Amino acid sequence: MNFLFPWTSERKTEVRHPPTSAVVTIQDHSTRRVSLRELVEEKCPSLHAPFHPAWWLPNGHLQTLYCVLGDFSQRDKIVYKRTMLRLKDGGTLGLDFTPVDDTNLRPDAPIVVVLHGLTGGSYESYVRAILSPVCLPPSEGGLGYRAVVVNFRGCAGVPITSPQFYSAGHTDDFRQAIFYISTLFPDAPLLGIGFSLGANVLTRYVAEEGQHCRLRSACVLGCPWNLAANNKWLDSTYIGNIYSKGMGQNLVNLLKSHLNSLSQTPEHDVSKAAMTAVALNKPTIGEFDNTFTKVGGGSSPPWPFASGADYYEYASSHKVLDDVRIPLLSINAADDPVVQEVPMDAKGNEWIIMALTSHGGHLGWFEPDDDWGQVRRWIRRPVLEWFHATAEVLQRETPQHLDIREVDGYLTEVGRENLGCRVLHDKEQIIRGTEGQAGILAGL
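Residues numbered from 1 in each chain as written. Predicted model: local features only at pLDDT ≥ 70, side-chain atom pairs only at ≥ 80, totals over all residues. Heavy atoms only, no water.

### Some details on helix 10 (residues 269–278)
So, point 1. Every buried residue of helix 10 is listed here: Val270, Ser271, Ala273, Ala274, Ala277 and Val278. The buried side chains of helix 10 occupy one side of the element, clustering within an arc of 160° when seen end-on.
So, point 2. Contacts made by the buried residues of helix 10 are with helix 8 (238–256), helix 9 (259–262) and helix 11 (285–296). (Buried < 20%, exposed > 50% of the residue type's maximum accessible area, 1.4 Å probe, protein only. Helix = DSSP H or I, 4+ residues; strand = E, 2+ residues; numbered from the N terminus. Arc of directions from axis to C-beta. Contact = heavy atoms within 4.5 Å.)

### Side note on the pairing of strand 4 (residues 79–87)
So, point 1. Taken together, the four bridges between strand 4 and strand 18 (residues 429–432) define a ladder with antiparallel strand orientation. Residue pairing for strand 18: Val79 is matched across the bridge by Arg432.
So, point 2. Bridge analysis of strand 4 against strand 5 (residues 92–98) gives six bridges, and the strand direction is antiparallel. Paired with Arg86 across the strands is Thr92, a residue of strand 5.
So, point 3. Between strand 4 and strand 5, which follow one another and run antiparallel, lie four residues, and Gly90 among them has a positive phi close to 95°.
So, point 4. Note: strand 4 against strand 17 (residues 416–423), three bridges, orientation antiparallel. Its bridge partner being in strand 17, Leu87 is matched across the sheet by Cys421. (Pairing = 2+ DSSP bridges.)

### A short note on the pattern of salt bridges
So, point 1. All chains considered together, the criterion is met by 25 salt bridges.
So, point 2. Among the ionic pairs, Arg175 bridges to Glu209, the shortest N-O distance being 2.8 Å. A residue pair is termed long-range when its members are at least 10 positions apart, and Arg175 in helix 5 (residues 172–184) and Glu209 in helix 6 (residues 197–209) qualify at 34 residues.
So, point 3. Its relative accessible area of 4% is what places Arg175 among the buried residues.
So, point 4. We note a salt bridge from Arg376 to Asp369, for which the minimum N-O separation is 3.3 Å.
So, point 5. Members of the salt-bridge network, linked through shared partners, are Asp172, Arg175, Arg204, Glu208, Glu209, Arg214, Glu413 and Arg416. (Salt bridge = Lys/Arg side-chain N within 4 Å of Asp/Glu carboxyl O.)

### Focus on the pairing of strand 1 (residues 13–16)
So, point 1. What you see with strand 1 is a clean split: Thr13 and Val15 sit on the buried side and Glu14 and Arg16 on the side with no burial.
So, point 2. In this structure, strand 1 lies alongside strand 11 (residues 352–357), joined through four bridges in antiparallel fashion. The residue of strand 11 that forms the bridge with Glu14 is Leu356.

### Let's talk about a nonpolar patch on the surface
So, point 1. Together, Leu62, Leu65 and Leu69 give the surface a local cluster of nonpolar side chains, amounting to about 280 Å² of exposed area.
So, point 2. Here Leu69 lies in helix 3 (residues 60–69). (Patch = residues over 30% accessible without salt bridge, like charges linked within 9 Å, V, L, I, M, F, W, Y side chains within 5 Å. Areas by Shrake-Rupley, 256 points an atom, 1.4 Å probe, with all protein chains shown as cover.)

### Here's the deal with the packing of aromatic side chains
The geometry of an aromatic ring pair is captured by the separation of the ring centres together with the interplanar angle, meaning the angle of the planes.
So, point 1. Going through the model one piece at a time under the given rule, you end up with 18 aromatic pairs.
So, point 2. On the numbers, 6.4 Å between centres and 50° between planes, the contact of Phe305 with Tyr311 is tilted. Each member of the pair Phe305 and Tyr311 is classed as buried.
So, point 3. Feature note: the residues Phe152, Phe165, Tyr166, Phe288 and Phe292 constitute an aromatic cluster, connected by ring pairs.
So, point 4. Its guanidinium or amino end placed over the ring of Tyr314, Arg204 lies 4.6 Å from that ring's centre, counting from NZ or CZ. (Phe/Tyr/Trp six-rings, centres within 6.5 Å; stacked < 30°, edge-to-face > 60°. Lys NZ or Arg CZ within 6 Å of the ring centre and 35° of its normal.)

Here you go:
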């Protein structure tokens with residue numbers, strides 16, 4: 001892949017369609033059959049428009065650093081209502097729903113289901129930049145949808161209640177969250193969006209579910225795809241090493257905040273790995289994964305792995321693109337300093353649209369706002385168009401889902417009785433979306 005340097009005048013977005021495109025039914029002025037490519041060209045015009053970065057953020061490094069260091073406390077303010085889910089293995093997820101007062105929304109209003117980045121949560125500016133217009137009423141220029149952010153174990157104030165963390169390759173936690181959301185709003189189309197690590201999880205989930213996927217569509221932003229190749233890229237350059245150590249230290253700091261919980265089972269392999277990991281001094285993300293994630297990043301099987309490299313081989317999402325059977329839109333930036341391997345051919349899968357902007361960094365995509373010196377995220381326009389097209393224009397044939405039942409107080413899916421979740425009714429709380437985690441660099 002060509003790395004586009006900041007002084008290039010090129011601003012085009014490369015949108016790659018497969019050789020054959022899935023044929024779908026849409027209903028706008030009339031009901032008609034079109035290719036997925038035609039749907040995107042008609043209903044997502046912003047995707048094909050050039051992205052012009054703010055002149056003072058001309059390259060991927062500055063775009064990424066602004067994502068980390070910029071002040072977004074007064075932008076896209078969102079209030080969530082958190083529901084805690086206890087999983088069958090004893091773990092806990094935090095589901096942040098917005099808007100808090102949804103009494104004016106119809107029961108079948110589409111729901112955007114979010115997976116955040118590496119050590120993030122519902123407070124992240126990139127999450128709020130999308131959800132703010134998603135949940136704004138149509139009379140105010142929004143879509144008028146519901147949204148829910150699935151906060152991983154240990155993230156955004158979610159407690160660790162079992163000897164297990166999360167990772168780029170563990171999909172069962174998201175799967176169990178979908179059990180609950182599908183049961184709570186059985187008539188609502190679900191639209192998935194994932195950022196960075198969350199994008200990798202979402203892609204793998206969609207591929208694993210195939211034609212039975214409970215999501216109407218998916219959108220992945222800044223997906224790392226080939227974890228081994230991108231980790232090698234980070235380790236091979238001085239500036240890449242800086243990013244890698246920033247992400248690695250974020251993970252160490254997050255793990256430290258849960259050490260008391262993990263130490264309740266000192267003889268457990270995950271607890272032992274955690275004690276070793278928190279003693280690391282400014283590790284790269286590869287060093288952290290080779291110490292902890294290979295052991296504590298998911299349930300058994302397939303965890304634990306013999307090495308971080310084995311974990312990367314298992315968890316990478318570029319290998320599973322063949323199995324995607326719902327419309328999936330991927331957007332990466334060519335100057336992303338964190339992700340340099342993007343599978344633009346998507347293995348020829350007719351359900352996937354791949355887009356690569358010339359600029360934007362890692363989850364940045366900042367362009368000038370109307371006020372002098374202010375920025376906004378370009379990415380929100382194509383994403384909102386994609387949501388509207390796939391939720392309200394696209395007509396999906398009724399998928400064949402496995403039944404969800406309540407067994408011994410847990411919602412579980414037939415054939416997956418090892419998985420299940422229940423609501424902790426005494427743990428609901430109001431979450432201010434701009435309040436992040438202490439000791440964690442936001443935006444990564």
